[in-house]
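For reference, the chains in residue letters:
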Amino acid sequence: MQACSRGGVTVQPSSAISKLPKPAFEKLVQAKPGPWLPLTLVLVYKLMQAVKQTGLDTIVLNGAAPDNAHAVLGKVGLAPNTGVGNLANIIPALRQSIAAQLNSLIEDVEVLLFGHNQVAHSLRTSGTPGEAPFHLAVLVNDEDITSNLDLPSLFKTLPATLKHEYTQLLSAASAASIFDAITTRSSRVVHAPGPNGLPGAYPLRAGDNGLEVVLPQGLTLEEAVRINQEGQRLDGIERIEDDGTIYFAEKNMAILKETLGYECLRMPLPEVDERARELRAKYLAFARKYQ
């Protein structure tokens, strides 16, 4: 198993811009994570190339931008088994809130949540799912009771519940549960971003072919992928071609162009190293203005 932490497999962590003065941070954060993808993708890409060269059957769990990076790498047969963290980090708190609202045991509550990291971030910080679409099914003792829930009230509890939680510990717990599911063939449902090269996050269960998406009644895998592709577009990635070429959303990229002088609307996968170096250099030049 090669487990990649969010900070350890990126040229520049996403938290770097938070150290800028507030006006600069508030400007750059509007670009969303998509345009910054080369800084993370470059190292995961090289890792997966090395894994493939070994010829070994290796489990790779990646915690660095898996919602987007795996959708790219999956196009060229280099996706890690799955990602960790992101949407998975809010599932325990969501189950806890659902159990409290229903006056049920948390062990009886099963959550099947589909959504991009945009949904997870918004639920964690504002208590709403934001603009990105999602699909939620809640089962108690195998009965779908989603329609009985007051979802806005549930979601509003999440920021208070999660505000003292250390994200890296939540991601580590997510990685442990996923690794356990894969190696023991556990029947319990886990959530993870980027499984098998898919965009966004899904509920999963270990099967004969690895992790398999668990679909509630009335939702197809195609529809689940469409939901997450829409979240991906809101993240700043317009589309990903079959050869791994990424088309970035012009609206999001315009913020980096205006602020850093960096623009890349189309990036073939082999150019990721060059683009990562360029973006990193332009960001550092911009950040030095405030030192």
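Here the structure is shown first, and the text comes after it.
## Quick notes on the overall build of the chain
Thought 1: The secondary structure content of the chain amounts to 11 helices and 12 strands.
Thought 2: Against the compact-globule benchmark of 19 Å for 291 residues, the chain has a radius of gyration of 19 Å, which places it among compact chains.
Thought 3: In terms of principal-axis extent, the alpha carbons of the chain reach across some 55 × 45 × 30 Å.
Thought 4: By residue count, 50% of the 291 residues in the chain fall in the buried class.
Thought 5: When contacts within the chain are restricted to residue pairs at least 6 apart in sequence, long-range pairs at least 24 apart make up 64% of them.
Thought 6: A total of about 13900 Å² of accessible surface is found on the chain, and carbon and sulfur atoms cover 49% of it.

## Regarding helix α9 (residues 221–234)
Thought 1: When the terminal C-alpha atoms of α9 are compared, their 20 Å separation across 14 residues agrees well with the 20 Å that a helix rising 1.5 Å per residue should span.
Thought 2: Ala224, Val225, Ile227, Asn228, Gly231 and Gln232 are the residues of α9 that are buried. Taken down its axis, α9 places every buried residue within 155° of arc, on the same side.
Thought 3: Along its buried surface, α9 packs onto α3 (66–73), β4 (109–115), α5 (117–126), β5 (134–140), β8 (201–207) and β10 (237–240).
Thought 4: One or two positions beyond α9, positive phi appears at Gly236, with a value near 110°.

## Focus on the layout of surface pockets
Thought 1: Looking at the second largest pocket, its volume works out to about 640 Å³.
Thought 2: Taken together, 30 residues line the second largest pocket, and the ones lying closest to its centre are Ile91, Arg95, Glu110, Arg188 and Val189.
Thought 3: Contributions of two or more residues to the lining of the second largest pocket are made by α4 (91–102), β4, α7 (158–162), α8 (167–184) and β7 (190–193).
Thought 4: The residue makeup of the lining of the second largest pocket, split by class, is 15 nonpolar, seven polar and eight charged.

## Looking at the pairing of β8
Thought 1: Most of β8 is tucked away: six of the seven residues are buried.
Thought 2: Two elements, β7 and β8, share four bridges in a ladder whose sense is antiparallel. Its bridge partner being in β8, Val190 is matched across the sheet by Leu204.
Thought 3: Here β8 runs beside strand β9 (residues 210–213); their pairing, made up of four bridges, is antiparallel. Across the sheet, the residue bridging to Gly207 is Gly210, located in β9.

The rules behind these values
Residues numbered from 1 in each chain as written. Predicted model: local features only at pLDDT ≥ 70, side-chain atom pairs only at ≥ 80, totals over all residues. Heavy atoms only, no water. Helix = DSSP H or I, 4+ residues; strand = E, 2+ residues; numbered from the N terminus. Rg over C-alpha atoms; globule rule 2.2 N^0.38 Å. Buried < 20%, exposed > 50% of the residue type's maximum accessible area, 1.4 Å probe, protein only. Contact = heavy atoms within 4.5 Å. Areas by Shrake-Rupley, 256 points an atom, 1.4 Å probe, with all protein chains shown as cover. Expected span 1.5 Å × (residues − 1). Arc of directions from axis to C-beta. 1 Å grid on protein atoms, 1.4 Å probe; cavity = no way out; pocket = protein on both sides within 12 Å on 5 of 7 lines; lining within 4 Å. Points joined across faces, edges and corners; volume = space filled by probe spheres on them. Nonpolar A, V, L, I, M, F, W, Y, C, P; charged D, E, K, R; others polar. Pairing = 2+ DSSP bridges.

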